[in-house]
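Spelled out from the first residue to the last, the chains are:
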Amino acid sequence: MGMTGARVNTSGRFERLRRACRTIRKRAGVSWYQLRRNRLTMVGLAIVMLLALVAVFAPFIAPYPGDEEGTSLGNRLKPPSREHLFGTDDLGRDVFSRVVLGARISLRVGVIAIGATMAIGIPIGAMAGFFGGWVDEAMMRLTDICLAFPHLMLALAISAALGSGLRSAMLAISLTWWPWYARLVRGQALQLRNQPFVYAARSMGATDADIILRHILPNCIGPVIVNASLDMGYIILATASLGFIGVGAQAPTPEWGLMVSTGRKFFLTSPWMALFPGLAIFVAVLGFNLLGDGLRDVFDPRSRPR
Amino acid sequence: MAELLEVEDLKTHFVTRRAVVRAVDGITFTVRRGEALGLAGETGSGKSVAARSIMRIVREPPAKVSARRLALEGEDILGLGKARLRDMWGKRISMIFQDPSGYLNPLLTVGAQMTDVIRRHEGVSRRAALEAAADMLDMVGMPEPPSVLERYPFQLSGGMQQRVMIAMSLSCRPSLLIADEPTTALDVTIQAQIIDLLRRLKEKTSGLILITHDLAVIAGLCDTVAVMYAGKLVEKGPVGAVLGSPAHPYTRGLLEAIPDAGAARDSLPFVRGNIPSAIAPPPGCRFSPRCDLVTRECRELEPEWREVEPGHSIACHLAVCGGGAGVA
């Protein structure tokens, strides 16, 4: 090869890496700046980060991390105090510890359910949008069918078949949630497949798989990220609802929805039992929604004027 | 074999529910090895569709491409399946486009896009592909190829983007390069640079088809020219003959309409009227509604091809009966 080829070699992997890092920093810098301008988004980001920290370090934060620890029936239904910040529940367990441990469960459920949802929805949407015709028709009808299923009913059916538990809840949520991603990505793919650069790639011999993986999917990642962060909130809420109606997490799992459900019975006399897990749900959902809204402003400048 | 590309009676019709649009309606020409053909004509005359049909890259359906013969290096293209066509695109025929900015993926670096093409057709390692890409960029006169390879399209100017497109399209040494108005979206100085570059690179491929409505670009770059009007060719021949002594009234009109900066004029000459509908083209000669020299024969009978001098022919009734059509 010529002189220029030699230069690529001598510049070395390290130099290339350094340049790549600089480019990424520069691009990240722009998005960071846009994010920072919006105060509500920063609040959302702070909540989400706090939540993540709490989830990761839950056993160290919770004063009584074990179920049995600090449990004594003589200690039941105690109002918030210095010992028990959020009070104790009907079995004498520390509500604060259980809310902290619940963050772990909610986040894990959210991440897994979103992951499964995207894993099903994105390929289906990309193929439907890119190929069009009967592929599109078939996949979108399947999507419509799944969308028409009320997810509470499906969750009831699944937990009837597989037994109640977090796993059934996640399965039910993923199976009813993916159509939104399929629709979102299909819309993007429909638009992108007519872009000149897709045409150019085709004219250079790119296969359909090349085009979908290299040109279509990377270009629709923005809206997908926005939706995922908005949906994290909704999925936490949905998990809590399933726990509340009794088909999600089962006792003694410290799941927020389940805790609210149990606390409901004591609401008039010991409101803290339902109040604090309920607040945790509220704060988590709010945090993800604020963050998602901010991300949308960054990725889709057209929606900014509000 | 002297013929690189043979096109005989190529038709591209778009079949819609309400009508058939005859975008290209029976054109015949050949590109010989080492030759550059200029395909001229106004907007909507079917130039781009013709080029895309030659590559077989128009979407079928709604398009329907047919021809008596369509062959690249003696091999029939019309019969090729999808997979064979894909192997041909970028490897044996490539295309460069009008607006370079839209034709590069905004999320991939120049290097990633160029190596995608090279690795697709040559099956070499990423490293070898990167080196080949750097060499190609060097060839199209890009300063500092290694750093350009790491940049994103938005970090390049329009002229640089077009150089990247050209480098990319030539990276697998195609036999035929189709340039679809490669300079239209660029400003004048960059235009001159790109034309210069194409002239230099002509030697790297076996043939070039340049699509443009700018006859000056053709004059500077091409060996032969074919003038297209409403889906048909009206005049073809060597560049010197066609542009020096145009025989078809349409070609003459086009040449007269080129503004001359030196001459002070009150109004610019133009070819009156608009290009006719491709759904229901006028009977007879398609140019007849706009032609100043129109006769009754023109309105009723489709003109046949006639040679006005060796290698230079036109599709016009006046070539025989008018006589006067030969002078410029």
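Residues numbered from 1 in each chain as written. Chains lettered and ligands numbered in written order. Predicted model: local features only at pLDDT ≥ 70, side-chain atom pairs only at ≥ 80, totals over all residues. Heavy atoms only, no water.

1. Points about the overall build of chain A
- Each helix and strand in chain A was counted, giving 12 helices and zero strands.
- Along the chain direction, N to C, the helices and strands of chain A fall in the order α-α-α-α-α-α-α-α-α-α-α-α.
- Split into buried and exposed, the 306 residues of chain A put 48% on the buried side.
- Look at the contacts in chain A between residues 6 or more apart in sequence, and 69% of them connect residues 24 or more apart.
- As presented, chain A carries roughly 15600 Å² of accessible surface, and 68% of it is formed by carbon and sulfur atoms. (Helix = DSSP H or I, 4+ residues; strand = E, 2+ residues; numbered from the N terminus. Buried < 20%, exposed > 50% of the residue type's maximum accessible area, 1.4 Å probe, protein only. Contact = heavy atoms within 4.5 Å. Areas by Shrake-Rupley, 256 points an atom, 1.4 Å probe, with all protein chains shown as cover.)

2. Side note on the pattern of salt bridges
Residue and element names in this part refer to chain B.
- Applying the stated criterion across every chain yields a total of 24 salt bridges over all chains.
- Ionic pairing is found between R32 and E35, a salt bridge with its closest N-O pair at 3.6 Å.
- Looking at E35, the relative accessible area reads 10%, which means it is buried.
- Among the salt bridges present, the one from E181 reaches K47, with a minimum N-O distance of 3.8 Å. One end of the pair, E181, is in the loop between β8 (176–180) and α7 (188–201); the other, K47, is in helix α1 (residues 47–55), with 134 residues separating them in the sequence.
- Classification of E181 as buried rests on a relative accessible area of 8%.
- Linked by salt bridges that have partners in common, R33, E73, E75, R84 and R92 make up one network. (Salt bridge = Lys/Arg side-chain N within 4 Å of Asp/Glu carboxyl O.)

3. Looking at helix α3 (residues 110–122) of chain B
- For α3(B), with 13 residues, the first-to-last C-alpha span of 18 Å sits near the 18 Å given by 1.5 Å per residue.
- For α3(B), the full list of buried residues reads V110(B), G111(B), A112(B), Q113(B), M114(B), T115(B), V117(B), I118(B) and H121(B).
- On its buried side, α3(B) packs onto α9 (208–219) of chain A together with α2 (82–88), α4 (126–139), α5 (145–149) and α6 (158–170) of chain B.
- One or two steps after α3(B), the chain reaches G123(B), where phi turns positive at roughly 60 degrees. (Expected span 1.5 Å × (residues − 1).)

4. Section: the nonpolar core
Residue and element names in this part refer to chain B.
- The biggest cluster of nonpolar side chains holds 87 residues, and the ones touching the most others in it are F29, L137 and I209.
- Take this core: its biggest share by element is eight residues, from α4.
- In this structure F29 touches L5, E6, V7, L37, I54, I209, L233 and K236, once residues within four positions along its chain are discounted. (Core = buried A, V, L, I, M, F, W, Y, C linked by side-chain atoms within 4.5 Å.)

5. With respect to helix α6 (residues 151–162) of chain A
Residues and elements named next belong to chain A.
- In this model, α6 (12 residues) spans 16 Å end to end at C-alpha, consistent with the 16 Å of a helix rising 1.5 Å per residue.
- Within α6, the full set of buried residues consists of L154, A155, I158 and S159. Here the buried residues of α6 occupy an arc of 130 degrees about the axis, which is enough to place them on one side. For α6, exposure combined with an orientation more than 90 degrees from the buried face picks out M153, A160 and A161.
- Buried residues along α6 sit in contact with α7 (166–192) and α10 (221–245). (Arc of directions from axis to C-beta.)

6. Looking at the environment of H215(A)
- For H215(A), the position within the fold is in helix α9.
- Taking C-alpha positions, H215(A) is 8.1 Å from F197(A), a pair spaced 18 residues apart along the chain.
- When residues no more than four places from it in sequence are discounted, the contact partners of H215(A) are F197(A), V198(A), A201(A), D210(A), N105(B) and L108(B).
- At 2.8 Å, the side chain of H215(A) and the side chain of N105(B) are in polar contact. (Polar contact = N/O pair within 3.5 Å; in protein donor to acceptor, adjacent residues only side chain to side chain.)

7. Observations regarding the packing of α4(B) against α6(B)
Residue and element names in this part refer to chain B.
- Viewed as axis vectors pointing N to C, α4 and α6 meet at an angle of 125 degrees, and their least axial separation amounts to 9 Å. The orientation of α4 with respect to α6, classified from their angle, is oblique. In this structure, α4 meets α6 at a crossing whose hand is right-handed. Between α4, through M136, L137 and M139, and α6, the contact on the second element is made entirely by V164, A167 and L170. (Axes fitted to C-alpha atoms, helices over the stretch in contact; angles between N-to-C directions. Parallel < 35°, antiparallel > 145°, perpendicular 65-115°, else oblique. Left-handed = near helix turned anticlockwise from the far one by under 90°.)

8. Some words on unusual backbone geometry
- Backbone geometry places E73(B), a non-glycine residue, at a positive phi of 50 degrees.
- With a relative accessible area of 27%, E73(B) lands in the partly exposed category.

9. Side note on the interface of chain B and chain A
- Taken residue by residue, the interface counts 38 residues in chain B and 28 residues in chain A.
- Where chain B packs against chain A, one counts three salt bridges.
- Ionic pairing is found between R86(B) and D208(A), a salt bridge with its closest N-O pair at 3.1 Å.
- Our enumeration of links across chain B and chain A arrives at 12 residue pairs in polar contact (both at pLDDT 80 or more).
- If you list the elements that add at least two residues to the side of chain B that touches chain A, you get α1, α2, β7 (93–96), α3, α4, α5 and α6 of chain B.
- Here the side of chain B that touches chain A is built from residues that sort into 21 nonpolar, five polar and 12 charged. (Nonpolar A, V, L, I, M, F, W, Y, C, P; charged D, E, K, R; others polar.)

10. A short note on the sheet that holds strand β9 (residues 207–212) of chain B
Residue and element names in this part refer to chain B.
- On the basis of which strands lie adjacent, the open sheet formed by eight strands has the order β7-β8-β9-β3-β10-β11-β13-β12 and mixed pairing. Across the chains shown, the open sheet's two edge strands, defined by having one partner strand only, are β7 and β12 (305–309). For this sheet the average axis-to-axis angle between neighbouring strands, irrespective of direction, equals 20 degrees.
- When strand β3 (residues 35–40) meets β9, the two strands line up parallel, connected through six bridges. Its bridge partner lying in β9, A40 is registered against T212.
- This element, helix α10 (residues 249–256), spans β10 (224–229) and β11 (232–238) of the sheet and lies at about 100 degrees to β10. (Pairing = 2+ DSSP bridges.)

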